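# Survey of secondary and tertiary structure
As a plain string of letters, each chain reads:
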Amino acid sequence: MVKFGLTRKEEKLFDRASALMVKASDLQNEFYSSIERRFEKAGYDGDFVQDTLICSDAYVFSESGCTGDLSYHGYDSVWDYLRNKCPKCKKEK
């Protein structure tokens, strides 16, 4: 007969998994914020960069940004796409 509900071992595993998911989420937010700040500092639209990376299911996190067999809107990498499509922000005087 199967026990309905969680065993003590499963409860511990669930608690540990939950804690790791929170930590992973925090690190992911820190990662995307870092990229956004770096591009904004260079005068680009950081939101555009961040949204592009978040929405890129095929994106491989590497220096090349290679998307493998999938093309990224006709570009070889997500970085080539951003280089050509990311708008520069207007400097305020």
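I will try to describe carefully the structure that is included in this document. Since this is a predicted model, take the numbers as computed values, not measurements.

### Some details on the overall build of the protein
Helix and strand counts for the protein come out as three helices and zero strands. Listing every helix and strand of the protein by position from the N terminus yields α-α-α. Residues classed as buried in the protein amount to 23% of the 93 residues present. Of all intrachain contacts in the protein linking residues separated by at least 6 positions in sequence, the fraction that spans at least 24 positions is 40%. By element, 54% of the accessible surface of the protein is carried by carbon and sulfur atoms, the whole surface being about 7,800 Å².

### A short note on the environment of F31
Tracing the backbone through its elements, the reader meets F31 in helix 1 (residues 8–41). For the pair formed by F31 and Q50, sequence separation is 19 residues and the distance between their alpha carbons is 9.9 Å.

### Remarks on the packing of aromatic side chains
All chains considered together, the criterion is met by four aromatic pairs. Relative to Y32, the ring of F31 has its centre 5.2 Å away and its plane inclined at 65 degrees; by these criteria the two rings are edge-to-face. For F31, a relative accessible area of 36% puts it in the partly exposed group. You can call Y32 buried: its relative accessible area is 9%. Ring geometry for F39 against Y44: centres 6.1 Å apart, planes inclined by 70 degrees, an arrangement best described as edge-to-face. Ring pairing ties together the aromatic residues F39, Y44 and W79, which thus form one cluster. The aromatic ring of Y44 is capped on one face by K88, whose charged end is 4.4 Å from the ring centroid.

The rules we used
Residues numbered from 1 in each chain as written. Predicted model: local features only at pLDDT ≥ 70, side-chain atom pairs only at ≥ 80, totals over all residues. Heavy atoms only, no water. Helix = DSSP H or I, 4+ residues; strand = E, 2+ residues; numbered from the N terminus. Buried < 20%, exposed > 50% of the residue type's maximum accessible area, 1.4 Å probe, protein only. Contact = heavy atoms within 4.5 Å. Areas by Shrake-Rupley, 256 points an atom, 1.4 Å probe, with all protein chains shown as cover. Phe/Tyr/Trp six-rings, centres within 6.5 Å; stacked < 30°, edge-to-face > 60°. Lys NZ or Arg CZ within 6 Å of the ring centre and 35° of its normal.

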